[in-house]
Amino acid sequence: MLVHELLYFGDPDHRAVFDQGRSYTYQELRNLVRLCRNALYAQGVRQRTPVAIFSRKSVHYIAAYLALASLGAIAVPINSQLSQRETGFILRDSEAKILLTDTPFDWASQEATCDLEGSLRQLPLEVYLENREPDAPALPASFTDQEPFIIIYTSGTTGRPKGALLSHFNVTCNAWQIQEVLRITPEDRVLAVLPLYHCFCLITALMNPLLVGASIYLYDSVNLKEIVRFIRDHRLTVLYLVPSLCSLLIRRGQPEDLASVRYTILGGTAMPLSVLQAFEAKYHQPIIEGYGLSEASPVVSVNPPEQVKSGTIGLPLPGIQVKIVDPEGREVPRGERGELLAKGNNVMLGYWHLPEATAAALEGGWLHTGDVAVKDADGYLRIVDRLKDMIISMGENIYPREIEELVYAYPGIDEAAVIGIPDKLRGQAGCCCYTVKEGETVDPKALKKYLQQNLAIYKVPRIFRQLEAMPHLATGKIAKKELK
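Residues numbered from 1 in each chain as written. Predicted model: local features only at pLDDT ≥ 70, side-chain atom pairs only at ≥ 80, totals over all residues. Heavy atoms only, no water.

(A) Representation of unusual backbone geometry. Cis geometry marks the peptide bond from Ser 297 to Pro 298; its omega dihedral reads 0°. Of note, Pro 298 is situated in the loop between strand 13 (288-292) and strand 14 (299-302). In this fold, Ser 297 is placed in the loop between strand 13 and strand 14. (Helix = DSSP H or I, 4+ residues; strand = E, 2+ residues; numbered from the N terminus.)

Shown next as structure tokens:
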């Protein structure tokens, strides 16, 4: 199945999207997609044309996704919190020639992006509302669901983001796999509070509801404290959240606020058992934890709603195989730790233009997640550690190496290490530890400002600590465990 074909499952007169106080029926959404498709075709978008999207979520973002799919183009959603420098890297790497955006960039204003001036067309996300173009031709019969649909960029441990290339089949297959477990219905009202560039939101709060003709409620206010009222007033039934939002509901909500909710599904990172228990005690329903990664489109496992086991990431979705292996690749007995590997039709085609990284990630035909897990006697999975040093803050993945490279480039810095520390609101926060060259000084406020100019705000460490000496392992590597 092709991604844009999901649009035709819903009843034409049924609400498809609620955005900024306005409802759009499935027929109205189809009309928006048709207009957007025609406009993009008139701008030269064809099969396999990479088109980037940098925008806050809206019904027009959804229309752009589906229009690009219907043209056989490749969508490149960009985290709207990224700096101009970071955005520029993704645009170059993806080879995008068109950027759909609600916030145009001045590329010439920064040396790091001046090469994009004149080589990249920036178009308003709502470009199709300005002019009516002739109907674009249909895709040829030879176009299959194995063609690429989207590049999801994930921060790399080397400081360079990698683009996970997902096909139409990867995405629609994962939407079906989720449906097999959660059984979303056309009567469901699904909250989309996470960004649409986020793979978790893309599949769970957009593609899956479209598959069954449910209603999608976009929440795009910077005031997350109002989310409780939004859920209550619109009688939402399915919530896809990250841990920080669950904690917010515990602090600010009342049991009657979630009276209409039948599922609260958690992704992003594991949640402390005490928080899960506090949520269940307050709202008299469990949080349904799941697990995934962009390379798996993204959902790998989820707790069955009728048999939730708190503290686990549930069971593999139908059609997905998992195994837990030791460093030599041998499967370990149940109850023992090892790296979690996954295999299924949801697993990516590979990393965009990175054959060696693709071969390593998909070695032996299995996706190597980089996460350490345990499988219990009932087959439920639990994530116990990470092979990587990744920090997860407010559901966003942060890789210390990218930050460290910038810190090392700052005058006066001798050594630097970024680690994740517990944070009640964010789950984790970054802490930047550094030493200073002899005879020099570093103002931590100026260092933080420098990072704010070159990184997305959520990547900037919240704490800065100057050390007299950096602890090292016998190999010479910085001992991050000792820093923690």
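(B) Region of interest: the sheet that holds strand 15 (residues 315-316). Taking strand neighbours across the sheet as the criterion, the 9 strands line up as 2-1-10-9-11-12-13-14-15 in an open arrangement whose pairing is mixed. Either end of the sheet is taken by a strand with one partner, and the two such strands are strand 2 (22-25) and strand 15. Both strand 11 (residues 238-241) and strand 12 (residues 263-266) contribute to a ladder of 4 bridges, which runs parallel. Note that in strand 12 the partner of Val 238 across the bridge is Tyr 263. (Pairing = 2+ DSSP bridges.)

(C) Region of the structure containing the packing of aromatic side chains. In the structure shown here, the tally under the stated rule is 11 aromatic pairs. Their ring planes at 50° and their centres at 6.3 Å tell us that Tyr 65 and Phe 149 sit as a pair that is tilted. Of this pair, Tyr 65 sits in helix 2 (residues 59-71) while Phe 149 sits in strand 7 (residues 148-154); the two residues are 84 residues apart in sequence, bridging distant segments of the chain. Judged by relative accessible area, Phe 149 falls into the buried class, the value being 0%. Each residue in the set Phe 18, Tyr 217, Tyr 219 and Phe 230 is aromatic and connected to the rest through ring pairs, giving one cluster. Positioned above the aromatic ring of Tyr 41 is the side chain of Arg 46, whose terminal nitrogen or guanidinium carbon lies 3.6 Å from the ring centre. One cation-aromatic arrangement involves Arg 262 over Tyr 263; the distance from NZ or CZ to the ring centre is 4.5 Å. (Phe/Tyr/Trp six-rings, centres within 6.5 Å; stacked < 30°, edge-to-face > 60°. Buried < 20%, exposed > 50% of the residue type's maximum accessible area, 1.4 Å probe, protein only. Lys NZ or Arg CZ within 6 Å of the ring centre and 35° of its normal.)

(D) The arrangement of the environment of Arg 121 in detail. Positionally, Arg 121 belongs in strand 6 (residues 121-124). When residues no more than four places from it in sequence are discounted, the contact partners of Arg 121 are Gln 43, Lys 97, Ile 98 and Leu 99. (Contact = heavy atoms within 4.5 Å.)

(E) Broad picture of the packing of helix 4 (residues 168-182) against helix 5 (residues 199-212). Running from N to C, helix 4 and helix 5 point in directions that differ by 80°, and their axes come no closer than 9 Å. Taken together, helix 4 and helix 5 sit at an angle that is classed as roughly perpendicular. Between helix 4 and helix 5, the contacting residues are Val 171, Asn 174, Ala 175, Trp 176, Ile 178 and Gln 179 on the first element and Ile 203, Thr 204, Met 207, Asn 208, Leu 211 and Val 212 on the second. By residue class, the composition of the contact of helix 4 with helix 5 is 8 nonpolar, 4 polar and no charged. (Axes fitted to C-alpha atoms, helices over the stretch in contact; angles between N-to-C directions. Parallel < 35°, antiparallel > 145°, perpendicular 65-115°, else oblique. Nonpolar A, V, L, I, M, F, W, Y, C, P; charged D, E, K, R; others polar.)

Such coordinate-based values are descriptive only and should not be taken to indicate function.
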